[in-house]
Amino acid sequence: MKEFKPVKEGKVREIYDIGDNLIMVATDRISAFDVILKNKITKKGTVLTQMSKFWFDYTKDFVPNHMVSVDVKDMPEFFQNENFDGNSMLCKKLEMLPIECIVRGYITGSGWASYKENGTVCGIKLPEGLKESEKLPEPIFTPSTKAEIGDHDENIDFDTCVKVLEKAYPGRGEELATKIRDYTIGLYNKCSEYALTRGIIIADTKFEFGLDENGEVLIADEMLTPDSSRFWPLEGYEAGKGQPSFDKQFVRDWLKANPDSDYNLPSDVIDKTIEKYKEAYKLLSGKEIQ
Ligand SMILES: Nc1ncnc2c1ncn2[C@@H]1O[C@H](COP(=O)(O)OP(=O)(O)O)[C@@H](O)[C@H]1O
Ligand SMILES: [Mg+2]
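Residues numbered from 1 in each chain as written. Chains lettered and ligands numbered in written order. Predicted model: local features only at pLDDT ≥ 70, side-chain atom pairs only at ≥ 80, totals over all residues.

## So, the overall build of the protein chain
When helices and strands are counted, the protein chain shows 6 helices and 17 strands. For the protein chain, the C-alpha radius of gyration of 19 Å lies close to 19 Å, the compact-globule estimate for 290 residues. If you line up the protein chain on its principal axes, its C-alpha atoms span 60 × 50 × 35 Å. (Helix = DSSP H or I, 4+ residues; strand = E, 2+ residues; numbered from the N terminus. Rg over C-alpha atoms; globule rule 2.2 N^0.38 Å.)

In C-alpha cells form, the structure reads like this:
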C-alpha cells in the first residue's frame, strides 16, 4: 500500500497531495486565543468536514466548488480507515487566488476596531453610530492578502485586490476581483439567510477561491464552518456588546477563568464543546453526526 505524508500541517487541518487531487483532513484539534489546546474534541473534524460538504452541496448550482467526495472509498487505500473516515474531503487541486475573501454582515472583530478608529472597513465608509455587533445595512466585501507564514494578513480595499490579481493574472485582474467579490456576497446572502432560519447568525466568514485547469473560478478550502466564520446563537443576540461564539464559548470562558491551566481542559468543558459542534451541524443540516 502506498503511504502518504501530509504536504501541509496547519493548526487544525492536514493536507495530503495525491496527484491531481488533494485530501483535506480536519483533525479534532481545537485552537483558542491562537493556541492549540492539549485536548482533542472528538468528532470535531468530522463535524467540520460534513458542514463544508453541506454548504458545497447547498450552493453548487450557484458557484462551482472543489469538492469531489467525502467517501474514503473514493480515496487511496491509505485513507480507508477510521482515522480519515468522515473527516476527510477529496478535492480538486486548484491554483489558489492570493486573496482571502472576507464578508461581514455584522460589525465585530477587526472590522469593529477599524470602524471605531476611522468609520471605515477596508476603504468602505459605513454609516455613523453603529454599535458593536450591529447588523450592517448590507454585507460588505473586506478582502485581505494571504500573508506569507508568520506575517499577518493585510486588509486591502477593492482596487488593491484588482491590482494583486492583475499582477498574478495579467489581463484578468478586474474580471477575477469582480467575480470573487460577487460570489462572496452572493454566497454569504444565500447561506446566512438560511442559517438565520435555523437559529444561527453568521456574522462574517472567509472564503477562498482557486482556478481550475480551464481558468474557471471555483470555491475551495473549507466553507462556512465555525473555524472560518463567526457563528452566533440568534437567541439572545443583542447589538451593543460582543456576542458569545456558538462553538468556543465554553472553552474561552473556562480558559479566561483558569489562566494557570496550561491549556488543558477538563472533561466537562470538552463534552459541552463537542455538543455545541454537533448542535450547530444538526441545526444547519437537519442531520446527526454519528
Ligand atoms: N482545492 C485546493 N487546491 C489547492 N489548495 C487549496 C485548495 N483548497 C484549499 N487550499 C489551500 O490549502 C491550504 C490549507 O491550509 P490551512 O490549514 O487552512 O492553513 P493556512 O490557511 O494557514 O494556509 C491553504 O493554503 C488553502 O489556500
Ligand atoms: Mg486556511
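## Quick word on the environment of H152
Following the sequence through the fold, H152 ends up in the loop between β13 (144-145) and β14 (154-155). On the neighbour-count criterion, H152 (9 C-beta atoms within 10 Å) is exposed. (Buried ≥ 20, exposed ≤ 12 C-beta atoms within 10 Å, placed from the backbone.)

## Some details on the pairing of strand β15 (residues 200-211)
Two faces make up the sheet, and in a regular strand the side chains alternate between them. Counting buried residues in β15 gives 10 out of 12 residues, a clear majority hidden from the surface. Sheet analysis places strand β8 (residues 95-96) next to β15, joined by 2 bridges and oriented antiparallel. Its bridge partner lying in β15, M96 is registered against G210. The sheet contact formed by strand β9 (residues 99-106) and β15 spans 4 bridges and is antiparallel. By the bridge assignment, C101 is partnered in β15 with F207. Pairing between β15 and strand β17 (residues 229-233): 5 bridges, direction antiparallel. (Pairing = 2+ DSSP bridges.)

## Observations concerning helix α3 (residues 158-168)
Burial in α3 covers these residues: C161, V164 and L165. The arc that holds every buried residue of α3, seen down its axis, measures 90°, which confines them to one face. In α3, those exposed residues whose orientation departs by more than 90 degrees from the buried face are D159 and K167. Looking at the buried positions of α3, the neighbouring elements they touch are β9, β13 and α4 (173-197). (Arc of directions from axis to C-beta. Contact = placed C-beta atoms within 7 Å.)

## Points about the packing of helix α1 (residues 44-59) against helix α6 (residues 267-285)
Taken N-terminus to C-terminus, the directions of α1 and α6 make an angle of 20°; their axes are 10 Å apart at the nearest point. The pairing of α1 with α6 is recorded here as roughly parallel in orientation. The two elements α1 and α6 cross, and the hand of that crossing is left-handed. Contact with α1, carried on its side by K44, V47, Q50, M51 and F54, involves Y277, K278, Y281, L284 and S285 of α6 and no other residues of that element. Across the contact of α1 with α6, the residue classes tally to 6 nonpolar, 2 polar and 2 charged. (Axes fitted to C-alpha atoms, helices over the stretch in contact; angles between N-to-C directions. Parallel < 35°, antiparallel > 145°, perpendicular 65-115°, else oblique. Left-handed = near helix turned anticlockwise from the far one by under 90°. Nonpolar A, V, L, I, M, F, W, Y, C, P; charged D, E, K, R; others polar.)

## Some remarks on unusual backbone geometry
Located in the positive-phi region is S133, a residue other than glycine, with phi close to 70°. Within the secondary structure, S133 is located in the loop between β11 (124-125) and β12 (135-141). S133 sits in the buried class, given 21 other C-beta atoms within 10 Å. Although it is not a glycine, D221 sits at a positive phi angle of roughly 60°. Position of D221 relative to the elements: it lies in the loop between β16 (217-220) and β17. Using a count of 21 C-beta atoms within 10 Å as the deciding quantity, one classes D221 as buried.

## Considering the site of ligand 1
In the vicinity of ligand 1, 15 residues are found, and the nearest of them are G10, H66, L94, A220 and D221. Counting only elements with at least two residues in the shell around ligand 1, the list comes to β2 (13-17), β7 (88-92) and β15. Of the residues belonging to the shell around ligand 1, the class tally is 6 nonpolar, 3 polar and 6 charged. Two domains share the shell around ligand 1, each providing at least three of its residues, namely domain 1 (1-93) and domain 2 (95-233). (Near = placed C-beta within 6 Å. Domains from an automatic or database assignment.)

## Section: the domain arrangement of the protein chain
In terms of domain boundaries, the protein chain breaks down into domain 1 (1-93) and domain 2 (95-233). Look at where the C-alpha atoms of domain 1 and domain 2 centre, and you get two points 22 Å apart. If you look at the interface, domain 1 gives 15 residues, while domain 2 gives 16 residues. Of all elements in the fold, only α1 and β7 reach the threshold of two or more residues within the side of domain 1 that touches domain 2. At 7 residues, α1 tops the list of elements feeding residues into the side of domain 1 that touches domain 2. In terms of residue class, the side of domain 1 that touches domain 2 is made up of 10 nonpolar, 4 polar and 1 charged.

## With respect to the packing of α1 against α4
Orientation of α1 relative to α4, taken along the N-to-C sense of each, is 110°, at an axis distance of 11 Å. By the angle class used here, α1 and α4 are roughly perpendicular. Our pair here, α1 against α4, has a crossing hand that is right-handed. Residues W55, Y58 and T59 of α1 form the contact with α4, whose participating residues are L187, K190 and C191. For the contact of α1 with α4, a count of residues per class yields 4 nonpolar, 1 polar and 1 charged.

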